[in-house]
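# Fold and contact review
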Amino acid sequence: MMRRLVLTALLLAPAVTTQAQLTIDVIGGEGRQIPIAITSFGDDAKHSDENQMRSIIAQDLAHSGWFRVITGGAAPTAGNYVSDYARLKTEGAQVALGGAVSENNAMLETRFELHDVGKRTRLFDQLLRSKPERQRHTAHFIADTVQEMLTGKRGVAGTRICYVVRDGQRSDFVIADA
């Protein structure tokens, strides 16, 4: 009889659920973030906020955890994407990213420059050509390039995530930006 009671209790034990609460506190990191100012890319007035180069790059860099984006970078003057070093330094920027987007023969040309604000020097510049519908990908590429240049760590903004959504008997693959 006792054996049956113990066996019944063991069989019913998995049916009893317990809830545990887990709290994870992420501390640190913010003190080591690189303050970066991002000036307006010339295309921003043509696009909604979520499609602006500046906005996409700023979100990518902020989400990486490596950067603290300083808002309010001035719009570039012609051919001079980062110019007011004194103001950028006052705002706390260590580096500044600037650029411009233009259309040429149905292609977007995106030029960007990365500057050391304290030394008042250009660290890197590049010209990218892409189809207009690939503007988001270009912005992700720029963010990844900046992250790798400044931290030595490859960025993941340009990666994609693939996952499966199941609905009864049907399964769909979904591909999304990281």
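For every chain, the first residue of its written sequence is number 1, and the numbers climb from 1 along that sequence. With pLDDT at 70 or above as the cut-off, local features in this predicted model cover only qualifying residues; side-chain atom pairs require 80 or more to be listed or tallied, and sums for whole chains, interfaces and linings still use all residues. The basis for every side-chain value is the complete set of heavy atoms in the structure, and neither hydrogens nor water enter the calculation.

## Focus on the pairing of strand S7 (residues 170–177)
Condition: For two strands to count as paired, DSSP must find a minimum of two bridges between them. Per the convention used, a helix needs a DSSP run of H or I reaching at least four residues, while a strand needs a run of E reaching at least two, with both numbered from the N terminus.
Alignment of strand S6 (residues 160–167) against S7, held across 8 bridges, turns out to be antiparallel. Bridge pairing in S7 links Cys 162 to Ile 175.

## Notes on unusual backbone geometry
Note the threshold: The rule is simple: take the accessible area with a 1.4 Å probe, protein chains only, and divide by the maximum for that residue type; under 20% is buried, over 50% is exposed, in between is partly exposed.
Within the chain, Asn 105 stands out as a residue other than glycine whose phi angle is a positive 55°. Of the residues examined, Asn 105 reaches a relative accessible area of 71% and is grouped as exposed. Although it is not a glycine, Ala 106 adopts a positive phi angle of roughly 60°.

## Quick notes on the packing of aromatic side chains
Formally: Each aromatic pair joins two rings of Phe, Tyr and Trp (for Trp, the six-membered one) with centres within 6.5 Å, and gets the label stacked for planes under 30 degrees apart, edge-to-face for over 60, and tilted for any other angle.
Summed over the entire model, instances satisfying the criterion amount to 1 aromatic pair. When the centroid spacing of 6.0 Å and the interplanar angle of 50° are considered together, the rings of Phe 112 and Phe 124 count as tilted. With Phe 112 in strand S4 (residues 107–116) and Phe 124 in strand S5 (residues 121–130), the pair connects residues that are 12 residues apart, well separated along the chain. The exposure class assigned to Phe 124 is partly exposed, which follows from its relative accessible area of 22%.

## Describing the pattern of salt bridges
Rule in force here: By definition here, a salt bridge exists when the distance from a side-chain nitrogen of Lys or Arg to a carboxyl oxygen of Asp or Glu is within 4 Å.
Applying the stated criterion across every chain, the model contains 6 salt bridges. Here Glu 113 and Arg 122 are joined by a salt bridge, their closest N and O atoms 3.8 Å apart. Here Glu 113 falls in the buried class, since its relative accessible area comes to 7%. By relative accessible area, which is 48% here, Arg 122 ends up partly exposed.

## Description of helix H2 (residues 53–64)
Here is the rule: Here, expected helix span is obtained from the residue count minus one, scaled by 1.5 Å. The contact criterion used is simple: two residues touch if any of their non-hydrogen atoms lie within 4.5 Å.
Its 12 residues place the ends of H2 17 Å apart at the C-alpha level, agreeing with the 16 Å of an ideal helix rising 1.5 Å per residue. Buried within H2 are the following residues: Met 53, Ser 55, Ile 56, Ile 57, Ala 58, Asp 60 and Leu 61. Next to the buried residues of H2 lie strand S1 (34–38), strand S2 (67–70), strand S3 (95–104), S4 and helix H4 (135–151). Taken from the residues just after H2, Gly 65 is the one with a positive phi, measuring 85°.

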